Amino acid sequence: MPLSQPTIARTPQHIRQVNYRSFEREDGLWDIEAELLDTKAIDLPRPNGEGIRKAGDPIHHMLIRVTVNTKLVVQAIEASMQAHPVQGCPAALDAMQRMVGCSMARGWRKAIETNLAGITGCTHMRELLNNMATATFQSIVSAFSTTPDQPPAYLGRCTGWSFNGPAVMQYYPQFAGWHIPDGKGPALAPQAIASTEK
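Residues numbered from 1 in each chain as written. Predicted model: local features only at pLDDT ≥ 70, side-chain atom pairs only at ≥ 80, totals over all residues. Heavy atoms only, no water.

We now examine the packing of aromatic side chains. Counting across every chain of the model gives 5 aromatic pairs. A centroid spacing of 5.2 Å and a plane angle of 90 degrees characterise the contact between Phe175 and Trp178, whose relative ring orientation is edge-to-face. Here Phe175 matches Trp178 in class, with each residue buried. An aromatic cluster is defined as three or more aromatic residues linked by ring pairs; in this entry it consists of Tyr154, Trp161, Tyr171, Tyr172, Phe175 and Trp178. (Phe/Tyr/Trp six-rings, centres within 6.5 Å; stacked < 30°, edge-to-face > 60°. Buried < 20%, exposed > 50% of the residue type's maximum accessible area, 1.4 Å probe, protein only.)

Moving on: the environment of Ser80. Counting through the fold element by element, Ser80 comes out in strand β6 (residues 74–83). The partly exposed category is assigned to Ser80, whose relative accessible area is 23%. Residues Ser80 and Lys110, 30 residues apart in the sequence, show an inter-C-alpha distance of 23 Å. Once residues within four sequence positions are removed from consideration, Ser80 is found in contact with His61, Met62, Leu63, Leu93 and Met125. Within the structure, Ser80 has its side chain in polar contact with the side chain of Gln82 (distance 2.6 Å). (Helix = DSSP H or I, 4+ residues; strand = E, 2+ residues; numbered from the N terminus. Contact = heavy atoms within 4.5 Å. Polar contact = N/O pair within 3.5 Å; in protein donor to acceptor, adjacent residues only side chain to side chain.)

Two faces belong to every sheet, and in a regular strand the side chains alternate between them. Most of strand β2 (residues 30–40) sits inside the fold, with 9 of its 11 residues counted as buried. Here strand β1 (residues 14–24) folds back onto β2 in antiparallel fashion, the turn holding 5 residues, of which Gly28 has a positive phi close to 95 degrees. Relative to strand β5 (residues 58–68), β2 runs antiparallel, the two being bridged by 10 bridges. Within β5, the residue paired with Ala34 across the bridge is Ile64. (Pairing = 2+ DSSP bridges.)

A word on the nonpolar core. In this structure, Ile64, Val66, Met99, Trp108 and Leu129 are the most contacted members of the largest nonpolar core, which totals 31 residues. The element contributing the most residues to this core is helix α2 (residues 123–139), with 5 residues. Apart from residues lying up to four places away in sequence, Ile64 is in contact with Ile32, Glu33, Ala34, Ile77, Glu78, Ala79, Met96, Met125, Leu128, Leu129 and Met132. One finds Leu155, Phe163, Ile180 and Ala189 within the second-largest nonpolar core, a separate group that totals 8 residues. (Core = buried A, V, L, I, M, F, W, Y, C linked by side-chain atoms within 4.5 Å.)

Here helix α1 (residues 108–116) has its buried residues at Trp108, Ala111, Ile112, Asn115 and Leu116. Along α1, the residues classed as buried sweep out an arc of 100 degrees about the axis, all on the same side. Turned more than 90 degrees away from the buried face of α1, the exposed residues are Lys110 and Thr114. Among the structural elements, β6 and α2 are those in contact with the buried residues of α1. Where α1 terminates, the next one or two residues include Gly118, which has phi positive at roughly 55 degrees. (Arc of directions from axis to C-beta.)

By definition, the strands of a sheet pair up through backbone hydrogen bonds, in either a parallel or an antiparallel sense. Across the sheet, 4 strands lie side by side as β1-β2-β5-β6; this open sheet has antiparallel pairing. Edge positions in the open sheet fall to β1 and β6, since each of these has one partner strand only. Pairs of neighbouring strands in the sheet enclose a mean axial angle of 10 degrees, with direction left out of account. The pairing of β5 with β6 spans 8 bridges and is classified as antiparallel. (Axes fitted to C-alpha atoms, helices over the stretch in contact; angles between N-to-C directions.)

Axis separation between α1 and α2 bottoms out at 9 Å; the angle between their running directions is 160 degrees. When the axis of α1 is compared with that of α2, the two are roughly antiparallel. When you trace α1 past α2, the crossing you get is right-handed. Facing Trp108, Arg109, Ile112 and Leu116 of α1, the residues of α2 in contact are Arg126, Leu129, Asn130, Asn131 and Ala133. Class assignment of the residues belonging to the contact of α1 with α2 gives a composition of 5 nonpolar, 2 polar and 2 charged. (Parallel < 35°, antiparallel > 145°, perpendicular 65-115°, else oblique. Left-handed = near helix turned anticlockwise from the far one by under 90°. Nonpolar A, V, L, I, M, F, W, Y, C, P; charged D, E, K, R; others polar.)

Here's what the structure looks like:
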């Protein structure tokens, strides 16, 4: 269902486009690529007073390629800034190599914060990396293969896949009623929940 039609006149100002793509490689690894492009919809003076930034001229244009194995551990990373607002931005690229060896399956956001926080890294590169994990999850289904007595890792992590919702009842009825204590950690079967509450 589309958004409602606006009833008040509006003027477009800023456009941010973010894209993620995944590629399965012949060597068994995966490349996950991210791209961020910021432009203005109207001509505006540049902040430093040096002329006009034309509508459509890129403010940020940043790209990342992360190579992971089927366990979602980063094997290599490449990053590029095709456009950036200030001269010092590209100095953040070297720190991206600190993410090699980190896992997207466990502690990914913490690893980003540890390795790329503050002036060590770039805000927009961090944003791309944060969401790169979910694009990877959508790509490498085998990383979430489970045993018959364990639910897939994404169950119980959002409204659509609630253990008490219709999707679980339809596709994974054997896991209906399971629960993730405090919203963190592994899922527990109803009998395990009952035993921990005694």
